[in-house]
Amino acid sequence: MTFYDHPYKKYAFVLFSLPMIWIVSSLLSGRYFPDPAEPVMTLTGIWAVVFLVFTLLMTPLVKVSRFKWISRFRRFIGLTVFWYSSAHVCGYLVLHAGFSWVWIKEDLLKRPYMYVGFIAVVILSVLALTSFKFAIKKLRKNWKPLHRTVYIAVLLVILHLWWQVKSDISVALYSSLALVPFLMYRLNASYFPTLHTRIKETITKIKKTEKSACVKKSGR
Amino acid sequence: PSFGSISKTAFGSTETPAPFDTATTYNNFYEFGYGKGDPEKKAASLKPYPWKINIEGEADITGAFDLEDLIKESQLEERIYRLRCVEAWSMVVPWIGIPLGSFLKKFRPNSKAKYVYFETLYDPTQMPAQNGNALDWPYREGLRIDEAMNSLTLLSVGMYGSILPNQNGAPVRLVVPWKYGFKSIKSIVTIRFVEQMPQTTWNMIAPNEYGFYANVNPGVDHPRWSQKKERRLPGGLLFPNVIDTQMFNGYQEEVASLYADMDITRFY
C-alpha cells in the first residue's frame, strides 16, 4: 500500500492543494503587495482551521457505516492541516518578521497569543511525524492517547484566534462555532460517560435504521 | 478643486516616499471595510466636495464652515513624513497641508480649550461599512491642545502633489507623524475644543491596547506584538524591509518636550 493506495487520493491531493496554489500564485504575482504578511497569514490560518474541522469530523463520521470509506483519507486530511499551519508559520517568519530574530524572540517569549499558536503547531508537527505506519507500530498503545492531543491543539487554536481579534470577530467566531462541538464531544467521552453513552445510543440508532433500510432494499 | 502654489519644506528630504500606488491601495479605513484593499475599491461613494466642517466648543468663533473657504487664504506646504501604523508597518508619504496650529488659532480657542476633538463623517450612504458595527461610529480622535499646536501636526488636504484620494481621507485629514497612524483621523467633519480629555475610538474599544496618546514608542509594546521593529513598505515581493522603530517615530527633537514631565510608559 502506497501513499496513493486509494485512486481518489490524487484528486483529493489536487483539491486540498487548490487554496495553497491560489495563495502562493497570488503572492508571487504581487496580488498581496505591498504587505503580503496579513493576507497570507490570514488565508493559511483559515484553511488550516477548515482542514482541522474536517479531521475532527472523521471520528464521528466513520462511526456511521455509510461514511466508513472516508477513514482512508484521515491521515491525509490531518497532514493537510499540518501543511497549512506550517505555511502559516512560514508566513509569520518570512513575510511578517522578515527573519528578524529580535522581532521573533520578542513575540514568542512575551505574547501569549503567539506562543499559544506556536505550541499548537508543535503539537500538529509531532502528530504529523508520528502519523506513518512505522510510528504507529512503534508507539502501539501510546499512539491513540498521543494523537488525542489534537484536542489540546484545538483548544490552543481557539485561544489564538480570539487573542488575535482587532475588531472583526468573524473568523474567531465561525472557527469557534465549528471547533467547540468537537471539544465538547471529546470532553463528554472522557469526563461525562453518561452523556457519551447517550450520544453512542443515538449513533447506534442511526446505524440500525441504516441496516433496516439495507435489509428492505435487498429484500425487494 | 486644485491647488495654487505649494511651498516645499525640508521635512523628510532624505526619505524616499512610497510609490503613489502603494499609498493609495494599502489603507486602514474601516468606514469602507476591514481589508487593506477595501478603501481603494469602495471609497468612490464618498463625496468630498463641497465639504463643511463644524467648529464647536471652547472658542470665540464657531459654526459650520466651507472647507474651501477655510484654507484658501493659507499657504499650502508639502511635508514628507514617516507614517507608522500601530500594526507594525510604516510608509513615507509626501503630504500637502497647513499646520493645524495656525488653522485652529483662527477660531481663537479660549483658556478652557485643553484638548481638541475630531470626528469623521458619519454617513452610511457614502461610507457603506458604517452599516456594520466594526467600530462605534463615527470615528473619533483627539489631541491635547499643545500637541495640536505643535508645528509638526498637519491638517492635510493632499498628497503626492494633488488632492487627497478618497481612500486616504479626502478631503481633509490629520497627519500626526510622531503618533501611531490611527491618531491621524480622516475625512474630518467636526473639530471641537474641549476641556476634558475626549473619548477616542480605538481607546474605547481596547484601552489596554490603544492609549489616548499613542506616541510611537519602541519601548512600549502592544499587548499582542512587539513595537521594536516595523516593516517599511513597500519591501520586496517576498522579503519585507524590516527596520528599527524610532522613539516618537524619529521626531524626538520636535516633540519630546511635550512629554517631559509625563511617564510615557504609563500614558502610552
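Above: the structure in question.
Small disclaimer: the values here were computed from a predicted structure and weren't measured.

### Quick look at helix H3 (residues 74-96) of chain A
At step 1: Relative to the 33 Å expected for 23 residues at 1.5 Å per residue, H3(A) spans 32 Å between its end C-alpha atoms, a close match to the ideal helical length.
At step 2: Positive backbone phi, approximately 55°, marks A:Gly98, located one or two places after H3(A).

### Re the nonpolar core
The nonpolar side chains of a soluble globular protein tend to be buried, and buried together.
At step 1: With 92 residues, the main nonpolar core has B:Leu100, B:Phe103, B:Phe118, B:Leu174, B:Trp178 and B:Ile191 as its most contacted residues.
At step 2: Considering each element in turn, this core owes the most residues, six residues, to strand E5 (residues 89-99) of chain B.
At step 3: Among residues more than four places away in sequence, those in contact with B:Leu174 are B:Leu100, B:Phe118, B:Leu143, B:Leu154, B:Leu155, B:Lys183, B:Ser184, B:Ile185 and B:Ile188.
At step 4: By size, the runner-up hydrophobic cluster in this structure holds 34 residues, among which are A:Val81, A:Ala120, A:Ile123 and A:Val157.

### A word on the packing of helix H1 (residues 9-29) of chain A against helix H2 (residues 37-63) of chain A
Residues and elements named next belong to chain A.
At step 1: Orientation of H1 relative to H2, taken along the N-to-C sense of each, is 175°, at an axis distance of 11 Å. The pairing of H1 with H2 is recorded here as roughly antiparallel in orientation. Within the contact between the two elements, H1 uses Phe16, Pro19, Ile23 and Leu27 and H2 uses Val40, Leu43, Thr44, Trp47 and Phe51.
At step 2: Split by residue class, the contact of H1 with H2 holds eight nonpolar, one polar and no charged.

### Comments concerning the environment of B:Lys42
Residue and element names in this part refer to chain B.
At step 1: When you line up the elements, Lys42 lands in helix H2 (residues 38-42).
At step 2: On the basis of relative accessible area, Lys42 is assigned to the partly exposed category, the value being 41%.
At step 3: Sequence-wise, Lys42 and Phe103 are 61 residues apart; in three dimensions their C-alpha atoms are separated by 30 Å.

Reading guide: rules and limits
- Residues numbered from 1 in each chain as written.
- Chains lettered and ligands numbered in written order.
- Predicted model: local features only at pLDDT ≥ 70, side-chain atom pairs only at ≥ 80, totals over all residues.
- Heavy atoms only, no water.
- Helix = DSSP H or I, 4+ residues; strand = E, 2+ residues; numbered from the N terminus.
- Expected span 1.5 Å × (residues − 1).
- Core = buried A, V, L, I, M, F, W, Y, C linked by side-chain atoms within 4.5 Å.
- Buried < 20%, exposed > 50% of the residue type's maximum accessible area, 1.4 Å probe, protein only.
- Contact = heavy atoms within 4.5 Å.
- Axes fitted to C-alpha atoms, helices over the stretch in contact; angles between N-to-C directions.
- Parallel < 35°, antiparallel > 145°, perpendicular 65-115°, else oblique.
- Nonpolar A, V, L, I, M, F, W, Y, C, P; charged D, E, K, R; others polar.

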